[in-house]
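Okay, here's what each chain looks like letter by letter:
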Amino acid sequence: MFSKKSPKFGIRLLVVLAMLIAIRYILGQYYSFWIIPNTLKVSLSFIANTLIGMLAGPWIAVIVFVVNDVLTALNSGYPFIIWFTLLEAVQGFLYGYFYYGKKLDIHRKKDWLHVLWATVVIMGIGTFFLTPLLNQIYQQIPIAVQFFVQGRIFKVLEIPFRVVVTMLLLPQLHRIPEVRKLMGIQK
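This structure is a prediction, so every number in the text was calculated from the model and none was measured.

A.B. asks: Now, about the side chain of Arg162: what can you tell me, with residues and values included?
C.D. replies: Relative to the elements of secondary structure, Arg162 occurs in helix 6 (residues 158-173). Residue Arg162 is classed as buried on the basis of its relative accessible area, which comes to 13%. Every residue in contact with Arg162, bar those within four places of it in the chain, is listed here: Phe46, Tyr95, Thr119 and Met123.

A.B. asks: Summarise the pattern of salt bridges; cite the residues concerned and give the values.
C.D. replies: Applying the stated criterion across every chain, the model contains six salt bridges. Between Lys102 and Asp111 there is a salt bridge whose closest N-O contact spans 3.8 Å. Since its relative accessible area comes to 23%, Lys102 is described here as partly exposed. Linking Arg108 and Asp111 is a salt bridge whose minimum nitrogen-to-oxygen distance equals 2.7 Å. Given the relative accessible area of 35%, Arg108 is considered partly exposed. Among the residues examined, Asp111 registers a relative accessible area of 0% and is labelled buried.

A.B. asks: Could you give me a rundown of the packing of aromatic side chains, with the residues and numbers involved?
C.D. replies: Inspection of the entire model under this criterion finds 10 aromatic pairs. With 6.2 Å between their ring centres and 50 degrees between their planes, Phe84 and Tyr138 make a pair best called tilted. Here Phe84, found in helix 3 (residues 82-99), pairs with Tyr138, found in helix 4 (residues 109-139); they are 54 residues apart in sequence, far enough to count as distant. Given a relative accessible area of 35%, Tyr138 falls into the partly exposed group. One aromatic cluster is present, built from ring pairs that chain together Trp59, Phe93, Tyr97 and Phe98. Positioned above the aromatic ring of Phe65, the side-chain terminus of Arg24 is 4.7 Å from the ring centre.

Rules used in this analysis
- Residues numbered from 1 in each chain as written.
- Predicted model: local features only at pLDDT ≥ 70, side-chain atom pairs only at ≥ 80, totals over all residues.
- Heavy atoms only, no water.
- Helix = DSSP H or I, 4+ residues; strand = E, 2+ residues; numbered from the N terminus.
- Buried < 20%, exposed > 50% of the residue type's maximum accessible area, 1.4 Å probe, protein only.
- Contact = heavy atoms within 4.5 Å.
- Salt bridge = Lys/Arg side-chain N within 4 Å of Asp/Glu carboxyl O.
- Phe/Tyr/Trp six-rings, centres within 6.5 Å; stacked < 30°, edge-to-face > 60°.
- Lys NZ or Arg CZ within 6 Å of the ring centre and 35° of its normal.

What follows is the structure, given as structure tokens:
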């Protein structure tokens with residue numbers, strides 16, 4: 001089940017992943033917008049996360065997400081909490097598991113369902129389970145407050161947005177021979 005191959009780690013992949021970490025930071029910091037004022041904020045950093053998983057595979061994505069989390073913690077001034085880093089590692093693995101080596105076609109219904117399932121699993125584990133649990137443990141914010149007062153429950157509305165953006169972007173990137181080569185897709 002977890003025996004997906006990893007790409008060949010080289011300078012080209014390392015440079016691409018470093019650029020994606022920078023893009024993830026930029027998207028997270030400057031391209032977040034409110035869908036429901038003060039309740040539902042959507043960040044476009046999931047695009048970079050998906051691209052990291054698509055190019056790095058599950059095991060290298062774990063390393064990339066961990067390195068990114070440590071750098072973000074050091075840069076932000078927030079206390080470093082290993083459990084949030086492990087959450088990032090899990091999410092990196094999931095992005096890599098669902099997207100590495102998977103060629104998507106906008107015209108295939110099963111690819112839409114694959115992206116929907118990937119999004120539900122990734123958000124289910126990260127957004128709806130582990131993040132609220134860790135916020136309750138470390139910030140003493142009860143899970144019920146996070147979901148119903150702070151509006152985490154509305155993150156469900158983000159799922160179709162992520163699916164559509166992913167399906168509009170990834171099949172186009174799969175047309176690029178270098179991207180296919182990095183992903184381990186022959187043709």
